[in-house]
Every structure is written in C-alpha cells, then in structure tokens.
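Given next are the chains, with one letter for each unit.
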Amino acid sequence: MSIVTVGGKDPYDISVGAGTRHELRDRLGTQVVKALLIHAPIMAAEATRIREALAGQVDVLLAEVPEAEDAKRVEVAAFCWGIMGQSDFTRSDAVISLGGGATTDLAGFVAATWLRGVRIVHIPTTVLGSVDAAVGGKTGINTTEGKNLVGSFHAPTAVLVDTELLSSLPETEVRTGFAEIAKAGFIADPSILDDLDTSVDQCLDLTSNLAADIMQRAIQVKATIVAEDFTEQGLRETLNYGHTLGHAIEHAERYRWRHGVAISIGMMFAAELSRLVRSLSDSDVERHRHILGERLGLPLVYPAGRWETLRATMQRDKKTRGSALRFVLLDGIARPTVTTVADDSLLFAAYQEIAG
C-alpha cells in the first residue's frame, strides 16, 4: 500500500493498494455515527458488505444512483438530500461514495451542499475515478446546457483506491480510464508516457505492480497541482488539458460516451491546436497519436460536420472568459499553458486535423 498526501488548507491522504477500503472506519473518524453511502448500481453488493462491516459503529444508509453521467442530475442530488433530511443528518455525519467518477462527483456535491459541507470519503471503483474524479475536491452536476456547470470545491476526508475492486474492471473501462493517466504524462510526468509506450499491457493489468505505480504517479501529479491551487485560480486549470473539446463532445453525445473516449479526442485536438498556436513540435503531436491511438486504442477523430455544435457548447465552458475561448495547450511535453484563442480560423483548422 502507498500513500499520496494532498496538501493545502485541508490536507488528506489517498491510500492506493489492495484492501484499502477496509480503512473506512478509521478514515471516517470516531465522531461519525451516521453515513450516507452513495453507490452505483453495480456496487450494490459491495455497499451492503460495507454497511454490514460498519454495523454497530456507524449507521450506514444506502442510496443507489444511476450509472455514469445519469447520476449527475439535480434530481438525483435532491434524492440524496431527501434521505439525509429524513434521517436527521447533522454536520458530524458523513457521506461515502462507492463508484466511478460520476458517482464521486455527485456524492462530493451532495456532501459539499448539505449543511454547507459535511465530510466525505471516496472509494472509487474505476481507473478514472481513482486518478482523477475522486482526487482534488472538485464536485459537480450537469445541466442541459453543459457538463459540471453547477458544483463546488469540497476536499474529501480521505480517498481509498482499492486495487482489489479495480481488478475486475472490463478492459474497455480500463483503457478509457487510462486517458486521464496519459493526460498526467502529457502535462507533467513524461515517465508515464514512457511506460505506456514500452509496457502498455502490464500497465493495463491492474493486478500488476506497474499498474499500481503508474496510477500513483498520475495521482501525485494531480495532488501536487491541487495542493498549490485548490480553487483553480491558475495552475489547476492545466488539469483540463483536452477537456474543453472533450466536454463538448460528451454533451453532443448526450453523455453516452465514456469520459476517457471524449477526452482522448479532446487531447488530440489540443495537440493539433498547440502545433498551430504554441509551436508544439510535430514529434510531440505524433506522440499523442501514438500513445492514445496505437498504445491505448482510444479514438482520435470526430465527425467533420459537428464543428459548429461543438463550438457553441465550448462557448459555455467554465474556462471561457467573456466571448474568448481559453484552452490548455502545450509548448512541449510537460510544458502546459492556458491560452486564449480568439481566431476561429485556427480552431477550425485544428479541428479539421481530427475530423473523420
């Protein structure tokens, strides 16, 4: 087991290893006597086991929420608030999340908004949730207009990344989750890209030591950035590499696509835009294509006729200031920068490079 500590005003630990979920009682704290366990449907049996394990110590109520992005709706949050209100949850009680990134986003938002903030412990059950959504304290739900437009910053009490829970994930789920791990390599830690290039099969085997190590390094990238800029005033924006177009694609696909699939295309677009705007080298652009497409088997193109729809959705992105679109771009591998791009012809030209 390894520990990554996220510093800042409200520091917390991320435990990575087999069986970390069994730390839950200690991580909740002795003052917690009641907890709402918000879980994805596939985690129903594990949620019941956790409730039984804590019986007599913590009164655990279960809230099953829809799969994936369907969970991130205000109606689902209201369902969870209703359980907490009917059960007289106080500020000394807690929320537990058990599921993928959408579940941790929703549960974090519920915890952040109940009585203006109660403690939460995340137990992510996907690669994406483990290395990204559960780390950093960003919470949010979607609206008709876009993704994560309503949310709050709320640091968890702890994150328990249990590799036993991850080991049974389907290969497709693992590969899409690795888009966020690759992102950490592109913006901060090139050694991640080296391992994905030379040992991708071992990386994707979540029972291997290398998989645990590469996940820990990706988590460390985010932990280091979040500790310096918790509320995304500057540096933390670099974690959104590939996300501006990626979120627009998710919206266009009505959130039926896996996050990592959309973000893979978004990073390829960001690399092409970086070549035009920031002089990113041809070899670095090709490295994106090699790692994402050839090694991880993720898609890199999107239909040519969808540009105007995506452009309109990006205009509502959180990173937009006024009418100007802002993107995380690269001057080189591990050299990210936030750049305003006012020239629509450059955006269109970059999109044409990924149009299929």
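Below: a short report on this structure. Small disclaimer: the values here were computed from a predicted structure and weren't measured. What you see as residue numbers is a count from 1 along each chain, following the sequence as written. In keeping with the model being predicted, local features are shown solely for residues with a pLDDT of at least 70 and side-chain atom pairs are shown and tallied solely at 80 or more, while totals for entire chains, interfaces and linings include all residues. The side-chain values count all of the structure's non-hydrogen atoms but skip hydrogen atoms and water molecules.

1. Considerations on the overall build of the chain
Point 1. Secondary structure follows DSSP: runs of H or I at least 4 residues long count as helices, runs of E at least 2 residues long count as strands, and numbering of each begins at the N terminus. When helices and strands are counted, the chain shows 15 helices and 11 strands.
Point 2. Between the two quantities, the radius of gyration covers C-alpha atoms and the globule rule is 2.2 Å times the number of residues to the power 0.38. For 356 residues, the compact-globule estimate of 2.2 N^0.38 gives 21 Å, and the chain sits close to it at 20 Å.
Point 3. With the principal axes as the frame, the chain shows a C-alpha extent of 60 × 40 × 35 Å.
Point 4. Burial classification: accessible surface area is computed with a 1.4 Å probe over protein chains only, and a residue below 20% of its type maximum counts as buried, one above 50% as exposed, and the rest as partly exposed. Evaluated residue by residue, the chain yields a buried proportion of 59% over its 356 residues.
Point 5. Note that accessible areas follow from Shrake-Rupley with a 1.4 Å probe, and for residues the cover is restricted to the protein chains shown. For the chain, the exposed surface amounts to about 13,800 Å²; the carbon and sulfur share of it is 49%.
Point 6. For the purpose of charge, His is not counted, nor are the chain termini; Lys and Arg are scored as positive and Asp and Glu as negative. A single reference atom marks each charge: NZ on Lys, CZ on Arg, CG on Asp, CD on Glu. Of the charged side chains in the chain, 35 are positive and 46 negative, and the gap between their average positions amounts to 5 Å.

2. What to know about the pattern of salt bridges
Point 1. By salt bridge we mean one thing: a side-chain nitrogen of Lys or Arg within 4 Å of a carboxyl oxygen of Asp or Glu. For the structure on display, the rule yields 30 salt bridges.
Point 2. With a closest N to O distance of 2.6 Å, Arg 287 and Asp 194 form a salt bridge. One end of the pair, Arg 287, is in helix α13 (residues 282-295); the other, Asp 194, is in helix α8 (residues 190-198), and 93 residues separate them in sequence.
Point 3. The exposure class of Arg 287 is partly exposed, given its relative accessible area of 24%.
Point 4. In this structure, the salt-bridge partner of Asp 213 is Arg 217, at a minimum N-O distance of 2.9 Å. Here Arg 217 and Asp 213 lie together in helix α10 (residues 209-228), a separation of four residues that amounts to about one turn.
Point 5. Classification of Asp 213 as partly exposed rests on a relative accessible area of 34%.
Point 6. Relative accessible area serves as the criterion here: at 17%, Arg 217 is assigned to the buried category.
Point 7. Three or more residues joined by partner-sharing salt bridges are found here, namely Arg 21, Glu 46, Arg 49, Asp 162 and Glu 164.

3. With respect to the side chain of Thr 313
Point 1. The topology assignment puts Thr 313 in helix α14 (residues 307-314).
Point 2. By relative accessible area, Thr 313 is classed as buried at 10%.
Point 3. Apart from the residues within four sequence positions on either side, Thr 313 is in contact with Ala 248 and His 251. Residues count as neighbours in contact if any of their non-hydrogen atoms are within 4.5 Å of one another.

4. So, α10
Point 1. A helix is expected to span 1.5 Å for every residue after the first. Under the 1.5 Å per step criterion, the end-to-end length of α10 is 29 Å for 20 residues, consistent within 8% with the ideal 28 Å.
Point 2. Those residues of α10 lying buried are Leu 210, Ala 211, Ile 214, Met 215, Arg 217, Ala 218, Ile 219, Val 221, Lys 222, Ala 223, Ile 225 and Val 226.

5. A look at the packing of aromatic side chains
Point 1. Each pair of aromatic rings taken from Phe, Tyr and Trp, with Trp reduced to its six-membered ring, is defined by centres within 6.5 Å and is described as stacked if the planes are under 30 degrees apart, edge-to-face if over 60, and tilted in the remaining cases. One pass over the full model with this rule turns up six aromatic pairs.
Point 2. An angle of 50 degrees between the planes, with centres 6.1 Å apart, marks the rings of Trp 81 and Phe 109 as tilted. Of the two residues, Trp 81 is situated in helix α3 (residues 74-86) and Phe 109 in helix α4 (residues 101-113); the sequence distance between them amounts to 28 residues.
Point 3. Residue Trp 81 is classed as partly exposed on the basis of its relative accessible area of 24%.
Point 4. A relative accessible area of 6% means that Phe 109 is categorised as buried.

6. Things to note about helix α11 (residues 243-252)
Point 1. Counting buried positions over the 10 residues of α11 gives 10, a clear majority of the element.
Point 2. Along α11, the positions that sit buried rather than exposed are His 243, Thr 244, Leu 245, Gly 246, His 247, Ala 248, Ile 249, Glu 250, His 251 and Ala 252.
Point 3. Each element contacted by the buried residues of α11 is listed here: β8 (146-153), α7 (171-187), α12 (259-277), α14 and β10 (325-332).
Point 4. Count one or two residues on from α11 and you reach Arg 254, which has phi positive near 55 degrees.

7. Topic: the environment of Gly 136
Point 1. Tracing the backbone through its elements, the reader meets Gly 136 in the loop between α5 (127-133) and β7 (138-143).
Point 2. Along the primary structure Gly 136 and Val 6 are separated by 130 residues, whereas in three dimensions their C-alpha atoms are 7.9 Å apart.
Point 3. If near-sequence neighbours (up to four positions away) are discounted, Gly 136 is found in contact with Tyr 12, Lys 222, Val 226, Phe 230 and Arg 236.

8. Some points on the packing of α7 against α10
Point 1. Convention adopted: a line fitted to C-alpha atoms gives each axis, helices being fitted over their contacting stretch, and angles between N-to-C directions are expressed from 0 to 180 degrees. Here α7 crosses α10 at 60 degrees, and the two axes come no closer than 9 Å. Our classification of the angle between α7 and α10 gives oblique. Note that α7 runs across α10; the crossing there is left-handed. Here Phe 178, Ile 181, Ala 184 and Ile 187 of α7 come into contact with α10, specifically with Ile 214, Met 215, Ala 218, Val 221 and Ile 225.
Point 2. Charged means Asp, Glu, Lys or Arg here, nonpolar means Ala, Val, Leu, Ile, Met, Phe, Trp, Tyr, Cys or Pro, and polar covers whatever is left, Gly included. Among the residues forming the contact of α7 with α10, the class breakdown is nine nonpolar, no polar and no charged. Convention used here: angles under 35 degrees read as roughly parallel, angles over 145 as roughly antiparallel, angles from 65 to 115 as roughly perpendicular, and any remaining angle as oblique. By definition, any crossing whose near helix is turned counterclockwise from its far helix by less than a right angle is left-handed, and any crossing with a clockwise turn is right-handed.

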